[in-house]
Amino acid sequence: MTDEVEPTRLLAMNEPAGRRLLATTVLGSGMGFLDGTIANVALPHIGDDLHAELAGLQWVVNGYTLALASLILIGGSLGDRVGRKRVYGWGVAGFAITSVIVALSPTIEVLVFARVLQGVAAALLTPGSLAMLQSSFRKEDRMRAVGAWTGTLGIATAAGPVVGGWLVGIDWRIAFWINVPIAAVVLWLLRTAPESREAGPLHRLDWWAVVLAPITLAGITWALTAWPDTGASTSTVSALAVGIVAGVAFIVVEMREPHPMVPPDLFRSRDFSVINVVTLFVYAALTGSMLFLAIFLQVSAGWTPLEAGAATVPISVLMFFLASRFGSVATKFGARMPMIGGAVVLMVGFAWLALAPDDPSYLTQILPGVVIMGLGLSMLVAPLTGTVLAAVPDGQSGLASGINNAISRTAGLIAVAVLPLLTGLSGTAYRDPIAVGDSYRASMWWCAGVVLAGGLLTAVGLRRASGAAGDARAAT
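Let me begin by describing the structure that accompanies this report. (Residues numbered from 1 in each chain as written. Predicted model: local features only at pLDDT ≥ 70, side-chain atom pairs only at ≥ 80, totals over all residues. Heavy atoms only, no water.)

Let's shift gears to unusual backbone geometry. For His51, which is not glycine, the phi dihedral falls at a positive 55°. Assignment of secondary structure puts His51 in the loop between α1 (16-50) and α2 (54-82). The exposed category is assigned to His51, whose relative accessible area is 69%. (Helix = DSSP H or I, 4+ residues; strand = E, 2+ residues; numbered from the N terminus. Buried < 20%, exposed > 50% of the residue type's maximum accessible area, 1.4 Å probe, protein only.)

The following block contains the structure:
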């Protein structure tokens, strides 16, 4: 096992220092979740204000996600080496600065560039929150802390649709300014948080991986995004080919690199490998569904940004009250059954939403599906996240969190690029209520199928005693 420089005293969940650390990580992570929600709700207004087509709006989401997914592994590894608290603070400050640039963007091109910079900052802060929880809390409190982190984020996630929708209704630019005061509070709370890092000498940066990862994701994503408008053009096919070749080269380099950014040894853990593939399925479905639901409710149903945003609040409320409880269940009995059950319930939620007409009733056609989704995610997310961290040595918790986050963001990147292609939405069709409605319903069925695949993989591939429960039994 890799040596670990831990805080002088590990924290408990019921002490003030533990609660402050949890609040710090929740607020910082919540800022990222809030920003993502705002971006989804704001897309139709950004398109009208900046005269952008669907491909440009896709890159408002994907530019951010591409940078985050490509660099988050470096952020996690850097935190393990030079200090998780320190790198987390860098990310929070950078996120605030780049949010200001986003809010001031005069064109769609500048906005996309600013979102890429924002993704770079997010790559520093995102893995640090979970890594600090994993390294700073006692083992018996870690799964509970992860569950509380997941559930308490429901506050930020609930605030995002309501506050973001209200602000977008006034001016979409104002909605991004909210990150500045949140970041200030996070940095103030962070002063008293414990620092931890991995012991040992610093290794040289894996530059080949740093270069090849974004080329892979950018080539594939650009090709999929452009395909609905250009078809199998020379540029589209070339971009796809470059992305695939770079991806193969990335794998080869990582297998030969003495100090790889993505250590192949981590994937020798069956649980780690299975959970990360399940993460790909779950977060692709979740990201795609939230994007299409936000656009559908505004364009097809004619709801205001506030109404469209508020429609998903029950998901956050349920996760706030239930996620920590399912984290405790996973600690005691293993993650396998809560994850399988959560995937099945989430699939039912998507199927319910897929039945909504263009002029839906919120109480009968949207709310039940949203509630079912919230229950499924509450059952699924905390056990999934806790199992990823428990499957690796504590000294690699930042790296493991980074890999899992990179996969979840890559899943969202693929979903935003692929779902419009699969459902026939392109150009300025996002302004057509009928086209958006048809595309929305097809996308929900796709999301239901993807989550079902994740549940089946969990049932077949995950050990029956996984996560903290599995660790405890293995030690006895």
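Picking up where we left off.
All right, on to the side chain of Thr65 then. Secondary-structure assignment places Thr65 in helix α2. In contact with Thr65, other than residues within four places in its own chain, are Arg409 and Leu413. (Contact = heavy atoms within 4.5 Å.)

Taken as a whole and assessed by the stated rule, the structure comprises five salt bridges. Measuring nitrogen to oxygen at the nearest pair gives 2.9 Å for the salt bridge that ties Asp358 to Arg441. A residue pair is termed long-range when its members are at least 10 positions apart, and Asp358 in the loop between α13 (336-354) and α14 (362-390) and Arg441 in helix α16 (residues 433-461) qualify at 83 residues. Owing to a relative accessible area of 26%, Asp358 belongs among the partly exposed residues under this scheme. Measuring nitrogen to oxygen at the nearest pair gives 3.2 Å for the salt bridge that ties Arg441 to Asp438. Taken together, the positions of Arg441 and Asp438, both in helix α16 and three residues apart, correspond to about one turn of that helix. (Salt bridge = Lys/Arg side-chain N within 4 Å of Asp/Glu carboxyl O.)

We now examine the packing of α1 against helix α10 (residues 270-299). In contact at an axis separation of 8 Å, α1 and α10 are set at 45° when each is read in the N-to-C sense. It follows from the interaxial angle that α1 and α10 lie oblique. Taken as a pair, α1 and α10 cross one another with a handedness that is right-handed. In this structure, α1 uses Asn40, Val41, Leu43, Pro44 and His45 to contact α10, whose residues at the interface are Met290, Leu291, Ala294 and Gln298. Across the contact of α1 with α10, the residue classes break down as six nonpolar, three polar and no charged. (Axes fitted to C-alpha atoms, helices over the stretch in contact; angles between N-to-C directions. Parallel < 35°, antiparallel > 145°, perpendicular 65-115°, else oblique. Left-handed = near helix turned anticlockwise from the far one by under 90°. Nonpolar A, V, L, I, M, F, W, Y, C, P; charged D, E, K, R; others polar.)

Once that is clear, we can look at α2. In this model, α2 (29 residues) spans 41 Å end to end at C-alpha, consistent with the 42 Å of a helix rising 1.5 Å per residue. Taking the largest bend as the criterion, α2 deviates by roughly 45°, centred on Leu71. Trailing α2 by a residue or two, Gly83 shows a phi angle of about 125°, which is positive. (Expected span 1.5 Å × (residues − 1). Bend = angle between axes of the 7 residues up to and from the residue.)

Glancing now at the packing of aromatic side chains. What the rule picks out here adds up to five aromatic pairs. Each ring, one from Trp172 and one from Phe176, has its centre 6.2 Å from the other, and the planes form 85°; the classification is edge-to-face. With Trp172 and Phe176 both in helix α6 (residues 172-177), this residue pair falls four residues apart, about one helical turn. Since its relative accessible area comes to 3%, Trp172 is described here as buried. On the accessibility criterion, Phe176 (0% relative accessible area) is buried. (Phe/Tyr/Trp six-rings, centres within 6.5 Å; stacked < 30°, edge-to-face > 60°.)

Our next topic: the environment of Glu195. Position of Glu195 among the secondary structure elements: in the loop between α7 (179-190) and β2 (197-198). In this structure Glu195 comes out as partly exposed when scored by relative accessible area, which is 29%. Along the chain, Glu195 and Ser136 lie 59 residues apart, while their C-alpha atoms are 8.2 Å from each other.

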